Amino acid sequence: MHTRSLPLAALALSLATASAAFAQTAAPAQAPALPPVTPTHPAPICKVIDAHGVAGIYDVRAFGAAGDGKTIDTPAINKAIETAAAAGGGTVRFPAGTYLSYSIHLKSNITLYLDSGSKILAANRAIHGGDGYDPAEDIGDTARYQDFGHSHWHNSLIWGENLDHVTITGPGMIDGGLYDADGNDNPAPDATGTMGVNNGLGGFGGRGGFGGRGGRGGRGGRGGARGGAPGAQADAATEPGAPRAGARGGFGGFAGNNGAGGAGVNGPAFGGFGRGGRGGDPFAAALAALNNPNEAPVGRGGRGGNAPFSTDLSQPFREGGAQPPGLGNKSIALKLCKNVTLSNFSVLRGGHFALLATGVDNLTIDNLHVDTNRDGFDIDGCRNVRVSNCAVNSPADDGICLKSSWGLGFARACENVTITNCLVCGGWEVGSMLDGTYVERAPGTGRIKFGTESNGGFKNITISNCVFDRCQGLAMEAVDGAIIDNISVSNITMRECGSLPIFIRLGDRRRMPADKAAIGAIRHVSISNIVAQNRAPQYACEIVGIPGHEIEDVRISNIRLLWPGGAPAGIEKVVPPELEHQYPEPGMFGVMPASAFFIRHVNGLSVSNVESTCEKKDMRPPFWLQDVQNADFFNINAPHEQGVPMFMLNDVTNFRAQDVRGMQDVSKDKVDTGNL
């Protein structure tokens, strides 16, 4: 039997006719049309996605936010967050616009999404009125043991406490605000170090800049500017028995080779950092001090700290540096939160901290651009932290700072932390990194640092593939009982380092309750693959413990150091003071008797594949060791002047040097005093 095929056109027409007939028989009767509903908001958004109540996206404009940079949008923003949280969570969206605000309250399971062109702008109570920021919470006697800024979270532009699953993301901006006399937001780069009286977010005065080889260090920032109005200065004695006095003024600038360090304003800060280095050639001043023991060496850290920190709990406590109610001093503050992600946005003029994260677990910080007047990130007692692909310009203070304070009322280690692929800088005026103008200033702070608050410890931390540009170098400080343990630092470049590239300090400040007070430890530290160009000729890399408490097991390898040099003969006789109870800071010991490394109170040291050179004739030995045990030096190239030793040794045991250019291999069981 033969079957004849239908043409394709006839087959298609047949199928279409059949479908139409089926639809007419199967379609139900249409319901009558409902009258149109007038929306209650001009630009409503999102809704519940399905019948189970999964929350969607909540546009802050739908809750009344104007986004015009003039209207206080805080109530609308917080209402959007509360609504999303009540629905189980969701994304609170900030479309393009400027959202003037006081304290924004984060909730669990909330994402703040900042669209391109959106800005959350910190309001200024003196200009915009209202109640201002949430008051700083009372944490009782715990506030005695760290700065005001580390002791409070609620007095912030954005804050959250005891939250889970929080995200802030998107290409928008968080702006701490800087206003002109007419109350207009002024995006021009801010002259650093000074917290202007028209900032939205206040903070303490910043450190001054570093002088160049013939330059003058910058002045420290003004203490007392507090987000719109100068705050009342604290009483001189903030706590009985404490060796520091006065409200925290600016940190003085560090002296240049032929210039003076700038002076801080509004009183000493933590025992004298308000005082900059003295003027003139620091080497000449140090030589003069050798002949006059009453003359303090140039660059010493200050006057305070003749005894460990102490507190008389029987006396009433008045918190130093406290701000009046209604003023804010941080961009983002998080306390005891979990599963937090901060990504892709920028922060301009972030106040005392662009981010203060205290006791936060599973914290991810990625691709943030921060151009700020004080600290960039303060990561305090946090665990499982990933910081990556960030750029921080913070000329007046630290860029990325790990801390372990007593702010929670107990010691909590900062541990399991990675910092990678980041830029930290202190050499551009605030605002000029983000706007791409890169206005240069004297190199400032800007560094990656452990401390100063150091109660709980720093453990299992890696820092890799980072750039330090025109700022201070790496600092590891344990002065309040912290244990620094299992640290790896690798693949770092430093350009125009303002002080010294490597500073490792174990001290005995004990800023903690007396019954918990202890001296900490630093051990198992590896630093490798570093290239550092330095501006300050009077310093050297410093690895310094205290008598009876040595830094242990330090490995340093593949290091290239370039110094200005210029030290005359006689500087090698300088014996830096111990200063074991003092605030730790690079340069605190003054002019160094070595051109490359100053090493004291260390047990277990391996230095290999190190090259250190000076541009000018320098009469100091490259390496100066005192009270050091079990020290190995391999493959060292440190050119030095004829008649100048490679090593100056004092009370050194089990010393070995091999493949050191210009000297024979040597092994010494004990050297009381000697040169090699």
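All figures in this text were calculated on a predicted structure; none of them were measured in a lab.

**Some remarks on the pattern of salt bridges**
Move 1: For the structure on display, the rule yields 30 salt bridges.
Move 2: We note a salt bridge from lysine 335 to glutamate 161, for which the minimum N-O separation is 3.7 Å. Here lysine 335, found in strand 13 (residues 330-335), pairs with glutamate 161, found in strand 8 (residues 156-161); they are 174 residues apart in sequence, far enough to count as distant.
Move 3: Two residues, aspartate 508 and arginine 510, come together in a salt bridge whose shortest N-O distance is 2.4 Å.

**Regarding the packing of aromatic side chains**
Move 1: On inspection of all chains with the given rule, the structure shows twelve aromatic pairs.
Move 2: Relative to tyrosine 133, the ring of tyrosine 102 lies with its centre 5.0 Å away and its plane at 85°, an arrangement referred to as edge-to-face. Note that tyrosine 102 is positioned in the loop between strand 4 (97-101) and strand 5 (104-105) and tyrosine 133 in the loop between helix 3 (125-128) and strand 8, a separation of 31 residues in sequence. Here tyrosine 102 and tyrosine 133 have matching classes, each one buried.
Move 3: Taken together, Phe597, Phe623, Phe633, Phe647 and Phe655 form an aromatic cluster joined through their ring pairs.
Move 4: The lysine or arginine in question, arginine 600, covers the ring of phenylalanine 589, its NZ or CZ lying 5.8 Å from the ring centre.

**Section: the side chain of serine 499**
Move 1: With respect to the helices and strands, the residue serine 499 is situated in the loop between strand 28 (483-497) and strand 29 (502-506).
Move 2: At a separation of 3.2 Å, a polar atom in the side chain of serine 499 contacts the side chain of glutamine 472.

**Observations concerning helix 2 (residues 74-86)**
Move 1: Counted at 1.5 Å a residue, the expected span for helix 2 with its 13 residues is 18 Å, and the 18 Å between its end C-alpha atoms agrees.
Move 2: Every buried residue of helix 2 is accounted for by Thr74, Ala76, Ile77, Asn78, Ala80, Ile81 and Ala84.
Move 3: Just downstream of helix 2, glycine 88 is the residue with a positive phi angle, here 105°.

Reading the values: the criteria
- Residues numbered from 1 in each chain as written.
- Predicted model: local features only at pLDDT ≥ 70, side-chain atom pairs only at ≥ 80, totals over all residues.
- Heavy atoms only, no water.
- Salt bridge = Lys/Arg side-chain N within 4 Å of Asp/Glu carboxyl O.
- Helix = DSSP H or I, 4+ residues; strand = E, 2+ residues; numbered from the N terminus.
- Phe/Tyr/Trp six-rings, centres within 6.5 Å; stacked < 30°, edge-to-face > 60°.
- Buried < 20%, exposed > 50% of the residue type's maximum accessible area, 1.4 Å probe, protein only.
- Lys NZ or Arg CZ within 6 Å of the ring centre and 35° of its normal.
- Polar contact = N/O pair within 3.5 Å; in protein donor to acceptor, adjacent residues only side chain to side chain.
- Expected span 1.5 Å × (residues − 1).

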